[in-house]
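Chains, contacts and geometry: an overview
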Amino acid sequence: MPNGRLKSVMASGGWTCAALAAKAGVDTKSVERWANQNRTPRLGTARLAAEALGEDMFALWPSLRQPRAARATSPELVALHEQRADLPVSVFVDLLGKAAERIDVLVYAAVFLHETYPRLNDLLRERAADGCAVRIALGDADSENVRQRGEEEKFGHGIESRCRLALMHYRPLLGTPGIEIRTHGTTLYNSLYRADDQVLVNAHIWGVNAFGAPVWHLRRTGTGTLFDTYAASFDAVWEAARPVEGS
């Protein structure tokens, strides 16, 4: 499968494989493999090639964007991702799919889950049928905090629409044993995606869309407090949230 983005950039700039190879310090066949077989160059080589082309390196080779190894002192930190967009939806799906006891989701909307994985409701039904307690907390589209978040992200009323869309996606689950859905109007500092003793924490940053904000992956180890801090945060929001009619 060819690298369409690379070939397009090369064509628009009049670059031949030989010319780019000379700039990147590799042989011509290497560049041909990048373009025609979607091979990924080494990081340093990719940086030289991208600079020559005047293009973002990660736009040309997305696979080069990897989670950073955890260097923090917390034993619970598994990985740090610079932005949520770096994570394929399979990371969220695999995490939730492995849950045996508990799934907790705290978001305003996170419609990307249903849009990129249409079987999400089926997965949640399957986990609930196996005895997993599922709690979904969505943003109340009529709350002042949701409206304020839309202004911060430059989405205006778009985020309110996404909250309503998210609820529409989850509504077919109302009444399913083991699954509860509530809406909340809290100031959301982080979106949480918990499965048993693991959680993906999508930080919220003023003026930055959630997909552009970092995500850290935590695992409860028994020797730290970070995981339990986020778990308690979810519980506090859940207690103040309003059950959706029929749940």
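Before reading on, note that the structure itself is shown above.
Residues numbered from 1 in each chain as written. Predicted model: local features only at pLDDT ≥ 70, side-chain atom pairs only at ≥ 80, totals over all residues. Heavy atoms only, no water.

1. So, unusual backbone geometry
In this structure, Asn38 is a non-glycine residue whose phi angle is positive, near 60°. Mapped onto the fold, Asn38 is located in the loop between helix H3 (28–37) and helix H4 (43–53). In this structure Asn38 comes out as partly exposed when scored by relative accessible area, which is 35%. Phi is positive for Ala110, which is not a glycine, with a value near 50°. (Helix = DSSP H or I, 4+ residues; strand = E, 2+ residues; numbered from the N terminus. Buried < 20%, exposed > 50% of the residue type's maximum accessible area, 1.4 Å probe, protein only.)

2. Some thoughts on the packing of aromatic side chains
Scanning the model with the defined rule gives five aromatic pairs in all. On the basis of an interplanar angle of 80° and a centroid distance of 5.7 Å, the ring pair of Trp34 and Trp61 is categorised as edge-to-face. A residue pair is termed long-range when its members are at least 10 positions apart, and Trp34 in helix H3 and Trp61 in the loop between helix H5 (57–60) and strand E1 (68–69) qualify at 27 residues. Neither residue differs from the other here; Trp34 and Trp61 are each classed as buried. With a centroid separation of 6.4 Å and 70° between ring planes, the pair formed by Phe112 and Tyr193 is classed as edge-to-face. Pair noted here: Phe112 is in helix H7 (residues 112–116) and Tyr193 is in strand E6 (residues 190–195), with a separation of 81 residues, a long-range link. Feature note: the residues Phe92, Phe112 and Tyr193 constitute an aromatic cluster, connected by ring pairs. (Phe/Tyr/Trp six-rings, centres within 6.5 Å; stacked < 30°, edge-to-face > 60°.)

3. Focus: the nonpolar core
Core analysis: the biggest nonpolar cluster contains 52 residues, and Ile103, Leu124, Ile136, Leu138, Tyr170, Ile181 and Tyr193 have the highest contact counts within it. Tallying contributions element by element places helix H11 (residues 226–240) first for this core, with six residues. (Core = buried A, V, L, I, M, F, W, Y, C linked by side-chain atoms within 4.5 Å.)

4. Considerations on H4
Of all the positions in H4, only Thr45, Ala46, Ala49, Ala50 and Leu53 are classed as buried. Looking straight down H4, one finds its buried side chains confined to an arc of 130°; they lie on one side. Phi turns positive, to about 70°, at Gly54, one or two residues after H4. (Arc of directions from axis to C-beta.)

5. Quick word on the pattern of salt bridges
Across all of its chains, the model carries 15 salt bridges by this definition. One salt bridge connects Arg102 with Asp104, and the closest N-O pair in it is separated by 3.9 Å. Residue Asp104 is classed as buried on the basis of its relative accessible area of 2%. Here Glu126 ties to Arg119 by a salt bridge, and the two come within 2.7 Å at their closest N and O atoms. On the basis of relative accessibility, which here comes to 39%, the residue Glu126 falls in the partly exposed class. A single salt-bridge network, built from bridges that share partners, covers Arg102, Asp104, Arg135, Arg194 and Asp235. (Salt bridge = Lys/Arg side-chain N within 4 Å of Asp/Glu carboxyl O.)

6. Structural notes on the pairing of strand E7 (residues 198–203)
Where a strand is regular, its side chains alternate between the two sheet faces. Burial analysis of E7 places five of its six residues in the buried class, which makes it a mostly covered element. Bridge analysis of E6 against E7 gives six bridges, and the strand direction is antiparallel. By the bridge assignment, Tyr193 is partnered in E7 with Leu200. Counted along the chain from E6 to the antiparallel partner E7, the turn is two residues long, and its residue Asp196 has a positive phi close to 55°. Both E7 and strand E8 (residues 215–219) contribute to a ladder of five bridges, which runs antiparallel. The residue of E8 that forms the bridge with Val199 is Leu218. (Pairing = 2+ DSSP bridges.)

Function-wise, these values are silent; they only describe arrangement.
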